[in-house]
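Notes for the structure review
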Amino acid sequence: MPAAVYVGNGEMTVRDLAIPTLGPSDALVEVSHCGICGTDLHLVLEKYARPDSILGHEWAGTIAAVGDDVQGWEIGARVVQNPTLGCGECRACKRGRPSVCLRREPPDLLDFTHGAFCRYKVVPSARLVRVPDSLSTRAAALTEPTAIAIHTVNLSGAQPGDRVLVTGGGPVGLLTTAVLRARGIDDVTVSEPAPLRRERARAVGASRVIEPGDLPRAPMGRPVAEPYTIAFECSGNAAAAESAFDQLDYAGTLVFVGTGHEMPRINHNRAIVLELTIVAAFNYDIEGFAPALELLASGRLPLDALIEADDVLLDDVLATMHRLAAGELPGKVMVRPEVKT
Ligand SMILES: [Zn+2]
Ligand SMILES: [Zn+2]
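Presented here is an overview of the structure given in this document. Small disclaimer: the values here were computed from a predicted structure and weren't measured.

Here is what the cut-offs are and how they apply
- Residues numbered from 1 in each chain as written.
- Chains lettered and ligands numbered in written order.
- Predicted model: local features only at pLDDT ≥ 70, side-chain atom pairs only at ≥ 80, totals over all residues.
- Heavy atoms only, no water.
- Donors = N, O, S within 2.8 Å, 3.2 Å for Na, K, Ca; no water.
- Tetrahedral: all angles 85-135°; square planar, octahedral: opposite > 155°, others 65-115°.
- Buried < 20%, exposed > 50% of the residue type's maximum accessible area, 1.4 Å probe, protein only.
- Phe/Tyr/Trp six-rings, centres within 6.5 Å; stacked < 30°, edge-to-face > 60°.
- Lys NZ or Arg CZ within 6 Å of the ring centre and 35° of its normal.
- Helix = DSSP H or I, 4+ residues; strand = E, 2+ residues; numbered from the N terminus.
- Contact = heavy atoms within 4.5 Å.

**A word on the coordination of the zinc ion (ligand 2)**
Around a metal, the perfect tetrahedron of four donors has angles of 109.5 degrees, and the perfect octahedron of six donors has angles of 90 or 180 degrees. Within the first shell, the zinc ion (ligand 2) binds the protein through Cys 87 (SG), Cys 90 (SG), Cys 93 (SG) and Cys 101 (SG), at distances of 2.3 to 2.4 Å. In this structure, the zinc ion (ligand 2) is surrounded by four donor atoms whose angles at the metal cover 105 to 115 degrees, and the resulting shape is tetrahedral. When the donors of the zinc ion (ligand 2) are listed by position in the chain, the intervening gaps give C-x2-C-x2-C-x7-C. In this structure Cys 93 comes out as buried when scored by relative accessible area, which is 7%.

Shown next as structure tokens:
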């Protein structure tokens, strides 16, 4: 099967690999589409990934074979793979944070031996989740990042009536904005330097789009003239995080969503005087992917604006990553696991 493989030093190549072997309780899934994630960009372009890794974790596909002990799943079923859920009982799980369950092994954040920038994946059947009939398999590849956006919005405590700022109009910021709107939170401003992304932010439901320079510096010890109750920092940019923090109203909340190289400087005095909260969202809610599939299938998300119209093949994954990093493609790019003929 063809696979886009990270070979080291920021380079990728397409290799012909053996189809992975199936255990008795596994399903072999033919990947339909796999989205390119900001994490993939960090791993490849910043050279964190281990050579021979197959990246890509935002996928949906069709069952091509099932192991002898598998029950309830048939060839042709359209599926995504649920995350490993937390124990549900530890302190982290009880506080709605199963992705940092205290009873799990510390994760190996660089383990990408079984990614989905390839034709086939083996999935334990217990982890399979069926894609609803009304949702295309291609759009179902948006399940994983949608589950993250839902978790992010849940952790923020955002409610209709909140005045929300989203810094960064890339795929994460766009999806967060769309989920906020689907939840009835209508006052959402997106701050983003790239005109193309600002335009797309409007298309996914931002009520206002601005440039980072439009956000004022905060006066000492009190809010800016038009403060926000919640800010989602989706860019991973240190200056954006510092600015987002400056825009918060009394008892406001900053949510870290985007990762980045440089670390922001947070004014703790301001946090104290305004009683600000900082939270950070890593992965998913205890419900796993079901709520994300439900939301995607509901028709309440602007899928055409969230997903780039043109899919790419395995040969073009690296070039597309460079284009994404340059801000040339505002939405989620889907990879089809085929090679150019
Ligand atoms: Zn991702
Ligand atoms: Zn737990």
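From this point, the narrative continues.
**Digging into the coordination of the zinc ion (ligand 1)**
Taken together, Cys 37 (SG), His 57 (NE2) and Glu 58 (OE) make up the full set of protein donors to the zinc ion (ligand 1), lying 2.1 to 2.4 Å away. Positions of the donor residues of the zinc ion (ligand 1), expressed as sequence spacing, correspond to C-x19-H-E.

**Side note on the packing of aromatic side chains**
For the structure on display, the rule yields one aromatic pair. Seen from their ring centres, Tyr 284 and Phe 289 are 5.1 Å apart, and the 85 degrees between their planes marks the pair as edge-to-face. Both residues of the pair, Tyr 284 and Phe 289, belong to the buried class. Here the guanidinium or amino end of Arg 163 rests over the ring plane of Tyr 228, the centre of that ring lying 4.2 Å away.

**Comments concerning the side chain of Thr 167**
Residue placement: Thr 167 occurs in strand E8 (residues 163–167). Setting aside residues up to four positions removed in sequence, Thr 167 forms contacts with Ser 191, Phe 232, Glu 233, Cys 234, Ser 235, Ala 240 and Ala 244.

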